[in-house]
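Listed here are the chains, written in short residue letters.
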Amino acid sequence: KLVPTNLNVIRRLSLMYVFMGRRLDAVALYEQAVIDHPDNDLVALQLKLLKEPTREGQIALQREHIESLPNEIDREVGLARLAERAGDKAEALIHWRRAAEIDPLVSQSLDRTIQMALELDDWDTAEWAVEQARAHESLEVEMFEARLAIRRGDYELAAKKLTELIARERGHRPARMLL
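A brief look at the structure comes next. (Residues numbered from 1 in each chain as written. Predicted model: local features only at pLDDT ≥ 70, side-chain atom pairs only at ≥ 80, totals over all residues. Heavy atoms only, no water.)

With that settled, consider the overall build of the protein chain. Scanning the protein chain from terminus to terminus reveals 11 helices and zero strands. Overall, the protein chain shows an N-to-C arrangement of helices and strands of α-α-α-α-α-α-α-α-α-α-α. Its C-alpha radius of gyration of 21 Å places the protein chain more than 25% over the 16 Å reference for a compact globule of 179 residues. Principal-axis analysis of the C-alpha atoms places the extent of the protein chain at approximately 65 × 30 × 25 Å. Looking at the protein chain residue by residue over its 179 residues, the buried ones come to 38%. The contacts in the protein chain between residues at least 6 apart in sequence include a share of 37% that link residues at least 24 apart. Distance from the positive charge centre (26 side chains) to the negative charge centre (32 side chains) of the protein chain: 6 Å. (Helix = DSSP H or I, 4+ residues; strand = E, 2+ residues; numbered from the N terminus. Rg over C-alpha atoms; globule rule 2.2 N^0.38 Å. Buried < 20%, exposed > 50% of the residue type's maximum accessible area, 1.4 Å probe, protein only. Contact = heavy atoms within 4.5 Å. Lys, Arg positive; Asp, Glu negative; His and termini not counted. Charge placed at Lys NZ, Arg CZ, Asp CG, Glu CD.)

Written as structure tokens, this is what we have:
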């Protein structure tokens, strides 16, 4: 029986096993991967996740791993994404904003901050994100301003911002779609 050692192959094959209802095969694959790659924390984490039967337990394992990351921005982005997957938009917003405060231009932190803020009608945070985009000369500041204007019902301002962006960026596709 051939057992892959390439981690990309292992990841994809284990996903296929899980989708096919063959979770034990995925576990066996990762048990061998832990032996083949003893220093890879993500391989060990994946094995724990496969063995954990509950969604809550899996989220707790992921949170524990993310909180152990040495880089603060990686922790905040990871916790934000985990909260989003868990359906907790308020928690996600907290972590996206913290990530944006650390480095507004990393991992779409401003974009995700404004999106979460708009979904939660948190106008103060949405305006803060727009100001940060403006201060850091983000190419997407007009998109942020337009999305905020739309949520507030100011369609004229939104159209103006989107038109400016389309003119400057030669037909900016997301702006055209939003307009």
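Moving on, there is more to tell.
Moving on, we come to the packing of aromatic side chains. All told, the structure shown has zero aromatic pairs when counted by the stated rule. The cationic tip of Arg-97 hangs over the ring face of Trp-128; the distance from NZ or CZ to the ring centre is 4.1 Å. (Phe/Tyr/Trp six-rings, centres within 6.5 Å; stacked < 30°, edge-to-face > 60°. Lys NZ or Arg CZ within 6 Å of the ring centre and 35° of its normal.)

Moving on to the packing of helix α9 (residues 141–152) against helix α10 (residues 155–168). Where α9 meets α10, the closest approach of the two axes is 8 Å, and the angle between their N-to-C directions is 160 degrees. Considering their axes alone, α9 and α10 lie roughly antiparallel with respect to each other. The element α9 and its partner α10 pack so that their crossing is left-handed. Listed contacts from α10 to Glu-142, Met-143, Glu-145, Ala-146, Ala-149 and Ile-150 of α9 are Tyr-155, Leu-157, Ala-158, Lys-161, Leu-162, Glu-164, Leu-165 and Arg-168. Looking at the contact of α9 with α10, its residues break down into nine nonpolar, no polar and five charged. (Axes fitted to C-alpha atoms, helices over the stretch in contact; angles between N-to-C directions. Parallel < 35°, antiparallel > 145°, perpendicular 65-115°, else oblique. Left-handed = near helix turned anticlockwise from the far one by under 90°. Nonpolar A, V, L, I, M, F, W, Y, C, P; charged D, E, K, R; others polar.)

Structurally, the position occupied by Lys-161 is in helix α10. For Lys-161, the side chain forms a polar contact with the side chain of Glu-145, separated by 3.3 Å. Other than its neighbours up to four places away in sequence, Lys-161 contacts Glu-142, Glu-145 and Ala-146. (Polar contact = N/O pair within 3.5 Å; in protein donor to acceptor, adjacent residues only side chain to side chain.)

The volume enclosed by the largest pocket comes to roughly 600 Å³. Around the largest pocket, the lining comprises 21 residues; the ones closest to its centre are Arg-11, Tyr-30, Gln-46, Leu-49 and Gln-62. Of all the secondary structure elements, the ones that give two or more residues to the lining of the largest pocket are α1 (7–19), α2 (23–36), α3 (41–51) and α4 (55–67). Counted by class, the lining of the largest pocket contains 11 nonpolar, six polar and four charged residues. The computed volume of the second largest pocket comes to approximately 150 Å³. Surrounding the second largest pocket, Glu-127, Val-130, Glu-131, Arg-134, Glu-145, Leu-148, Ala-149, Arg-152, Asp-154, Leu-157 and Lys-161 form its lining. Those elements that provide at least two residues to the lining of the second largest pocket are α8 (123–135), α9 and α10. (1 Å grid on protein atoms, 1.4 Å probe; cavity = no way out; pocket = protein on both sides within 12 Å on 5 of 7 lines; lining within 4 Å. Points joined across faces, edges and corners; volume = space filled by probe spheres on them.)

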